[in-house]
Amino acid sequence: QMQLEESGGGLVQPGGSLRLSCAASGRPSNNFAMGWFRQSLGKEREFVAAIRWVGNRIFYADSVKGRFTISRGNANTVYLQMNSLKPDDTAVYYCAADLAPIQSTIADHRAYDYWGQGTQVTVSS
């Protein structure tokens, strides 16, 4: 059983930056992936980025490439550095863990086993 807790959301102006954190507890093994997804009102949950713990393989959605960076910290923490934020980035951001990751489903929210409660990111002037 894993527990995930996000932090770092908030209100930021267009062009600004935010850093989200996700602390994971209860990790069963090293073969897992951590991902960030987002969901805005009336839309499907959308893949943002993911990192595989073994090998540090990283994946990004095209909409955030070059602006967002996912990284690992110590003690099962994953970060999402978000730069050059746009109003379209406004959403609830969720951290998730996939305990049996494969590349073909790394961007599919249905492949993830555990989810955090989400943190709101609002980009507005």
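This report concerns the structure included in the present document. Bear in mind that the values here come from a model prediction, so they are computed numbers and not experimental data.

**Digging into the packing of aromatic side chains**
Given two aromatic rings, their pairing is described by the distance between the two centres and the angle made by the two planes.
(1) Moving on: Evaluated as defined, the whole model comprises 6 aromatic pairs.
(2) Moving on: Look at phenylalanine 37 and phenylalanine 47: their rings are 5.6 Å apart centre to centre, the planes differ by 70°, and that puts the pair in the edge-to-face class. One end of the pair, phenylalanine 37, is in strand 4 (residues 33–39); the other, phenylalanine 47, is in strand 5 (residues 46–52), and 10 residues separate them in sequence. Both residues of the pair, phenylalanine 37 and phenylalanine 47, belong to the buried class.
(3) Moving on: A network of ring pairs unites the aromatic residues Phe37, Phe47, Tyr94, Tyr112 and Trp115 as a single cluster.
(4) Moving on: Between arginine 19 and the ring centre of tyrosine 79, over which it is positioned, the NZ or CZ distance is 3.8 Å.

**Concerning unusual backbone geometry**
(1) Moving on: One non-glycine residue, asparagine 56, lies in positive phi territory at about 55°.
(2) Moving on: Mapped onto the elements, asparagine 56 comes out in the loop between strand 5 and strand 6 (58–60).

**Re the nonpolar core**
(1) Moving on: Within the largest apolar cluster, 37 residues are counted, with the highest numbers of intra-cluster contacts made by Leu4, Met34, Trp36, Val78, Leu80, Met82 and Tyr93.
(2) Moving on: Secondary-structure elements contributing two or more residues to this core are strand 3 (18–25), strand 4, strand 5, strand 7 (68–72), strand 8 (77–82), strand 9 (91–98) and strand 11 (119–123).
(3) Moving on: In this structure, methionine 82 is in contact with Gly16, Ser17, Leu18, Leu20, Arg67, Phe68, Tyr93 and Val121, ignoring residues within four places of it in sequence.

**Concerning the state of the cysteines**
(1) Moving on: Scanning the model with the defined rule gives 1 disulfide in all.
(2) Moving on: Here cysteine 22 engages in a disulfide with cysteine 95; their sulfurs sit 2.0 Å apart. Measuring the twist about the S-S bond at about -75°, one finds the cysteine 22-cysteine 95 disulfide to be left-handed. You can see cysteine 22 sitting in strand 3 and its partner cysteine 95 sitting in strand 9, a full 73 residues away along the chain. Like cysteine 22, the residue cysteine 95 is buried in the burial classification.

Scoring rules and cut-offs
Residues numbered from 1 in each chain as written. Predicted model: local features only at pLDDT ≥ 70, side-chain atom pairs only at ≥ 80, totals over all residues. Heavy atoms only, no water. Phe/Tyr/Trp six-rings, centres within 6.5 Å; stacked < 30°, edge-to-face > 60°. Helix = DSSP H or I, 4+ residues; strand = E, 2+ residues; numbered from the N terminus. Buried < 20%, exposed > 50% of the residue type's maximum accessible area, 1.4 Å probe, protein only. Lys NZ or Arg CZ within 6 Å of the ring centre and 35° of its normal. Core = buried A, V, L, I, M, F, W, Y, C linked by side-chain atoms within 4.5 Å. Contact = heavy atoms within 4.5 Å. Disulfide = S-S within 2.5 Å.

That is the geometry; function is a separate question.
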